[in-house]
Amino acid sequence: MSFGIMTAPQQVGYEEILRVWREADTVPEIGHAWLFDHLMPIAGAPDGPILEGWTLLSALAAQTSRMRVGLLVTSNRFRPPAMLAKIATTADIVSAGRLDFGIGAGSRPSHPLARREYDAHGLPYHDQADAVAALAEACTVIRRLWTSSEPFDFTGSHVSLTGAFGNPRPVQRPHPPIVIGGRASATLRVVAEHADVWNIPGGGEISDLAARSRVLDGYCAEIGRDPAEITRSIFLPVDYERPAVVRAKIAEAAEAGFGHFVLGLPSPYPEGVAQWVADEVIRRA
């Protein structure tokens, strides 16, 4: 099993997140660290502070040396795919090849606080079907920009490029692992085709998440891909007062086939929180 932490960069300052990541980088049990990708807070004071994910990720990557790093997950709606490929390449270079590239459809009609950030930043907001179709094209384009040795054109329903070329390439070859987040059936079809890792939030019943994993298995079978090639990842929130709760969730999820765990740390972060996670959650899971 693989364990990491997630520090949502909302209602918290840069120095606080940096402290946690620097400490986590010294704790062997913590193999990866994550931020999220929102432009306005989705919890706490709606007008509270929030930092942009990719900029912050590169800054933190430059000040750590061991953990893998990533965003859980990038909103495909915030940045054009070719621009996102360049941003991610830069982060992979800064991290010396430690990037896990997380991406998702981005539109969240069920979350009003997430919905407002599109209007506030002049970004188009599309229905789920449109967002998922755009995600599939984005994954195709980004992978080609990371691997193509020659400029190429691409004409899709959502993305059109002329003379596209990525230089430099990412440190990782053929490219950084692609982590796709989501649970909708349409998204799982994209996961089956493009992802190395599939992530799903684990706030609900594990049996429900296991059922979504079986749906993914079915889509893999349809396209002739071995489902075992896709690591099953789950996000689990941590309660500092009740670590046994997340330990129980880890055990249940592991039994259901999940092996990659992202532990969400709420702020404010206690002193020594990374070591606490290792001692009270990971080692006892």
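Residues numbered from 1 in each chain as written. Predicted model: local features only at pLDDT ≥ 70, side-chain atom pairs only at ≥ 80, totals over all residues. Heavy atoms only, no water.

Caption draft 1: Expanded view of the packing of helix α8 (residues 243-255) against helix α9 (residues 273-282). Contact pair α8 / α9: the axes reach a minimum separation of 9 Å and the direction vectors enclose 60°. Relative to α9, the element α8 is oriented oblique. Judged by residue contacts, Pro 243, Val 246, Arg 247 and Ile 250 of α8 engage Trp 276, Glu 280 and Val 281 from α9. Each residue belonging to the contact of α8 with α9 can be placed in one class, and the counts come to five nonpolar, no polar and two charged. (Axes fitted to C-alpha atoms, helices over the stretch in contact; angles between N-to-C directions. Helix = DSSP H or I, 4+ residues; strand = E, 2+ residues; numbered from the N terminus. Parallel < 35°, antiparallel > 145°, perpendicular 65-115°, else oblique. Contact = heavy atoms within 4.5 Å. Nonpolar A, V, L, I, M, F, W, Y, C, P; charged D, E, K, R; others polar.)

Caption draft 2: How the structure looks around the pattern of salt bridges. Overall, the coordinates contain 13 salt bridges when judged by the stated rule. The partner of Arg 79 in a salt bridge is Glu 52, with the nearest N and O atoms 2.7 Å apart. Within this pair, whereas Arg 79 is found in the loop between β4 (74-75) and α3 (81-94), its partner Glu 52 is found in the loop between β2 (32-35) and α2 (53-62), the two being separated by 27 residues in sequence. Of the residues examined, Arg 79 reaches a relative accessible area of 10% and is grouped as buried. (Salt bridge = Lys/Arg side-chain N within 4 Å of Asp/Glu carboxyl O. Buried < 20%, exposed > 50% of the residue type's maximum accessible area, 1.4 Å probe, protein only.)

Caption draft 3: Here's a closer look at the layout of surface pockets. Estimated volume of the second largest pocket: approximately 220 Å³. Forming the boundary of the second largest pocket are 13 residues, of which Asn 76, Arg 79, Pro 80, Pro 81 and His 158 lie nearest the centre. At the level of secondary structure, the elements contributing two or more residues to the lining of the second largest pocket comprise α3 and β7 (160-164). Partitioning the lining of the second largest pocket into residue classes produces eight nonpolar, three polar and two charged. (1 Å grid on protein atoms, 1.4 Å probe; cavity = no way out; pocket = protein on both sides within 12 Å on 5 of 7 lines; lining within 4 Å. Points joined across faces, edges and corners; volume = space filled by probe spheres on them.)

Caption draft 4: Representation of the packing of helix α5 (residues 128-147) against helix α6 (residues 185-194). Remark: α5 packs on α6, axes separated minimally by 9 Å, with the N-to-C direction vectors making an angle of 10°. Taken together, the axis directions place α5 and α6 in an arrangement best described as roughly parallel. Along the contact surface, α5 presents Gln 128, Val 132, Leu 135, Ala 136, Cys 139, Thr 140 and Arg 143, while α6 presents Ala 186, Thr 187, Val 190 and His 194. Looking at the contact of α5 with α6, its residues break down into six nonpolar, four polar and one charged.

Caption draft 5: Looking closely at the nonpolar core. Core analysis: the biggest nonpolar cluster contains 75 residues, and Trp 21, Trp 54, Phe 101, Ile 103, Ile 180, Leu 263 and Leu 265 have the highest contact counts within it. Excluding its chain neighbours within four sequence positions, the residues that come into contact with Ile 103 are Val 73, Thr 74, Asn 76, Leu 84, Leu 135, Cys 139, Ile 142, Ile 178, Val 179, Ile 180 and Gly 181. (Core = buried A, V, L, I, M, F, W, Y, C linked by side-chain atoms within 4.5 Å.)

Caption draft 6: Structural context of the side chain of Asn 76. Along the chain, Asn 76 turns up in the loop between β4 and α3. With a relative accessible area of 7%, Asn 76 lands in the buried category. Contacts of Asn 76, omitting those with residues within four sequence positions, involve Pro 81, Ile 103, Gly 104, Ala 105, Gly 106, Ala 134, Leu 135 and Ala 138.

Caption draft 7: Seen up close, the pairing of strand β11 (residues 260-264). Summarising burial for β11: five of the five residues are buried, a large majority. Across five bridges, the pairing between strand β1 (residues 2-6) and β11 is parallel. Opposite Met 6, over in β11, you have Gly 264 as the bridge partner. In this structure, strand β10 (residues 231-237) lies alongside β11, joined through five bridges in parallel fashion. What sits directly across from Ile 234, in β11, is Phe 261. In this fold, the crossover linking β10 to β11 by way of α8 has right-handed handedness. (Pairing = 2+ DSSP bridges. Right-handed = clockwise from strand over helix to strand, strands pointing away.)

Honestly, it's all geometry; don't read function into it.
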